[in-house]
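Take a look at the letters that make up each chain.
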Amino acid sequence: MITREEAWTLLTQYNKEPFHLRHALTVEGVMRYFARELGYGDQEEYWGIVGLLHDLDFEQYPEQHCVKSQELMRQHGVDESIIRATASHGYGLTGADIKPEHQMEKVLFAADELSGLIGAAALMRPSKSVQDMELKSLKKKFKDKKFAAGCNRDVIKKGADDLGWTLDELMEKTIAAMRVDEAAINEACEKL
């Protein structure tokens, strides 16, 4: 199994943009949070690494997203379960036709887009933080199709459905997840 340090080294080999690195750290934290919350605490490291590496190919190979990453990870000896899990978040969106089946894959599918929307909404707040974000505020941003137009709301809705959660539940849980590591991620990103 690839270590967290090895995963970070691999990620930064193919990603240099602070925006992409912040997103990777955010999704890593969200995945770790959900691993603990959903009873997979013994797999927290694994869930986190999947979150960290999920967009490995996006910066350099956006047209081959979730396909090229499989090739890159295999070249670096990454475990097939991580390759599959990371590629599954592109189901129905990219050339990778790997359906999210494990709960971890479903969480990644749902939380990836949503964490981007939450991050964009946080930047609009006076605090620039998720710490004081309320569900009501996020729902307004979600309904405004012009806000963070690149975030696919249908993917977020489908992700909630696949998990058997309401959209409100997914939003509340993901806000809570992002609160946990926000300060540490901000600190790490200052060093990038």
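Source: prediction; values computed, not measured.

1. Notes on the packing of aromatic side chains
Counted by the stated rule, this structure contains three aromatic pairs. Ring centres 5.6 Å apart and planes at 85° place the aromatic pair tyrosine 33 and phenylalanine 34 in the edge-to-face group. Here tyrosine 33 falls in the buried class, since its relative accessible area comes to 13%. Through a chain of ring-to-ring contacts, the aromatic side chains of Tyr33, Phe34 and Trp165 assemble into a single cluster. A cation over a ring is seen here: lysine 141 above phenylalanine 147, with NZ or CZ 4.8 Å from the ring centre. The ring of tryptophan 165 carries lysine 173 above its face, with NZ or CZ at 4.0 Å from the centroid.

2. Side note on the pattern of salt bridges
Per the counting criterion, the structure on display carries 13 salt bridges. Residue glutamate 28 pairs with arginine 32 through a salt bridge whose shortest N-O separation is 3.3 Å. Here the residue glutamate 28 and the residue arginine 32 both occupy positions in helix α2 (residues 18-37), the gap between them amounting to four residues, near one helical turn. We classify arginine 32 as buried; its relative accessible area is 14%. Residue lysine 158 is joined to aspartate 162 by a salt bridge in which the shortest nitrogen-to-oxygen separation is 2.9 Å.

3. Side note on the environment of tryptophan 47
With respect to the helices, strands and loops of the structure, tryptophan 47 is situated in helix α3 (residues 44-53). Tryptophan 47 has contacts with Met31, Phe34, Ala35, Leu38, Tyr40, His102, Gln103, Met104 and Val107, leaving out every residue within four places of it along the chain.

4. Some words on the side chain of glutamate 105
Within the secondary structure layout, glutamate 105 lies in helix α6 (residues 103-123). Assessed through its relative accessible area of 5%, glutamate 105 is described here as buried.

5. Brief notes about the environment of lysine 128
With respect to the helices and strands, lysine 128 occurs in the loop between α6 and α7 (135-143). For the pair lysine 128 and arginine 74, spaced 54 residues apart in sequence, the C-alpha separation works out to 38 Å. Non-local contacts of lysine 128, meaning those with residues more than four positions away in its chain, are made with Ala122, Leu123 and Glu182. A distance of 3.1 Å separates the side chain of lysine 128 from the backbone oxygen of leucine 123, its partner in a polar contact.

6. Focus on unusual backbone geometry
The backbone of cysteine 66 shows a phi angle near 75°, a positive value even though the residue is not glycine. Looking at the secondary structure, you find cysteine 66 in the loop between α3 and α4 (68-75). A relative accessible area of 0% means that cysteine 66 is categorised as buried. Even without being a glycine, alanine 148 presents a positive backbone phi close to 45°. Exposure remark for alanine 148: the relative accessible area of 22% places this residue in the partly exposed category.

7. Here we look at the packing of α6 against helix α9 (residues 167-190)
Where α6 meets α9, the closest approach of the two axes is 10 Å, and the angle between their N-to-C directions is 70°. With respect to α9, the axis of α6 lies roughly perpendicular. Two packed elements cross with a definite hand, and for α6 against α9 that hand is right-handed. Here Ala110, Leu114, Ser115, Ile118 and Gly119 of α6 lie close against α9, whose contacting residues are Leu170, Met171, Thr174, Ile175 and Met178. Here the residues of the contact of α6 with α9 are counted per class, giving seven nonpolar, three polar and no charged.

8. Observations concerning α6
Over its 21 residues, α6 extends 30 Å from the first C-alpha to the last, a length consistent with the 30 Å expected when each residue adds 1.5 Å. At alanine 111, α6 shows its strongest bend, of approximately 30°. Of all 21 residues making up α6, 15 are buried, and the element is well covered by its neighbours.

Criteria and thresholds
- Residues numbered from 1 in each chain as written.
- Predicted model: local features only at pLDDT ≥ 70, side-chain atom pairs only at ≥ 80, totals over all residues.
- Heavy atoms only, no water.
- Phe/Tyr/Trp six-rings, centres within 6.5 Å; stacked < 30°, edge-to-face > 60°.
- Buried < 20%, exposed > 50% of the residue type's maximum accessible area, 1.4 Å probe, protein only.
- Lys NZ or Arg CZ within 6 Å of the ring centre and 35° of its normal.
- Salt bridge = Lys/Arg side-chain N within 4 Å of Asp/Glu carboxyl O.
- Helix = DSSP H or I, 4+ residues; strand = E, 2+ residues; numbered from the N terminus.
- Contact = heavy atoms within 4.5 Å.
- Polar contact = N/O pair within 3.5 Å; in protein donor to acceptor, adjacent residues only side chain to side chain.
- Axes fitted to C-alpha atoms, helices over the stretch in contact; angles between N-to-C directions.
- Parallel < 35°, antiparallel > 145°, perpendicular 65-115°, else oblique.
- Left-handed = near helix turned anticlockwise from the far one by under 90°.
- Nonpolar A, V, L, I, M, F, W, Y, C, P; charged D, E, K, R; others polar.
- Expected span 1.5 Å × (residues − 1).
- Bend = angle between axes of the 7 residues up to and from the residue.

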